[in-house]
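# Summary of structural features
Chain residues, written in single-letter form:
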Amino acid sequence: MGIDNNSYLEYDNVREFYDWILTLKPKDVRDMGISQQSLYKIKTRIKSGKHLNLKVKVVKILLKLYGDLKTDSGN
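Below you will find a few notes about this structure. (Residues numbered from 1 in each chain as written. Predicted model: local features only at pLDDT ≥ 70, side-chain atom pairs only at ≥ 80, totals over all residues. Heavy atoms only, no water.)

### Some details on the nonpolar core
Definition in use: In plain words, nonpolar cores are sets of buried Ala, Val, Leu, Ile, Met, Phe, Trp, Tyr and Cys residues tied together by side-chain atoms within 4.5 Å. Throughout, exposure labels follow a simple rule: accessible area from a 1.4 Å probe, protein chains only, divided by the maximum for the residue type, with under 20% read as buried, over 50% as exposed, and the rest as partly exposed. Numbering goes from the N terminus for both helices and strands, where a helix is a DSSP run of H or I of at least four residues and a strand is a run of E of at least two. Every residue pair with non-hydrogen atoms within 4.5 Å of one another is taken to be in contact.
Counting 18 residues, the largest nonpolar core has Phe 17, Trp 20, Ile 21, Ile 42, Leu 52 and Leu 62 as its most contacted members. Mapped onto this core, the elements with two or more residues apiece are α1 (11–23), α3 (36–47) and α4 (57–74). For this core, the element with the most residues is α4, which contributes 7 residues. Every residue in contact with Leu 52, bar those within four places of it in the chain, is listed here: Phe 17, Tyr 18, Ile 21, Ile 42, Arg 45, Ile 46 and Val 59.

As structure tokens, then:
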């Protein structure tokens, strides 16, 4: 009803998603509208063992980018 099935990661993929974020560099996400400071904050939350809030704009963008990469590699 407003949220599609691709909006949430399955629990198995959360660690893989976090690992993918940790490999990102600011130049990789700059064109998606994510600043160096925002990426740093997200990485710091992951490294400290905290969960990401899926409602935050930056996390939504990363989820979409990750989902697009997963569907592209799956074909």
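### So, the pattern of salt bridges
Keep this limit in mind: In what follows, salt bridge is the name for a side-chain nitrogen of Lys or Arg lying within 4 Å of a carboxyl oxygen of Asp or Glu.
Inspection of every chain in the model, using the stated rule, returns 3 salt bridges. In this structure, Lys 70 and Glu 16 form a salt bridge, with 2.6 Å as the shortest nitrogen-oxygen distance. Of the two residues, Lys 70 sits in helix α4 while Glu 16 sits in helix α1, which places them 54 residues apart along the sequence. Linking Asp 68 and Lys 64 is a salt bridge whose minimum nitrogen-to-oxygen distance equals 3.2 Å. Here Lys 64 and Asp 68 lie together in helix α4, a separation of 4 residues that amounts to about one turn.

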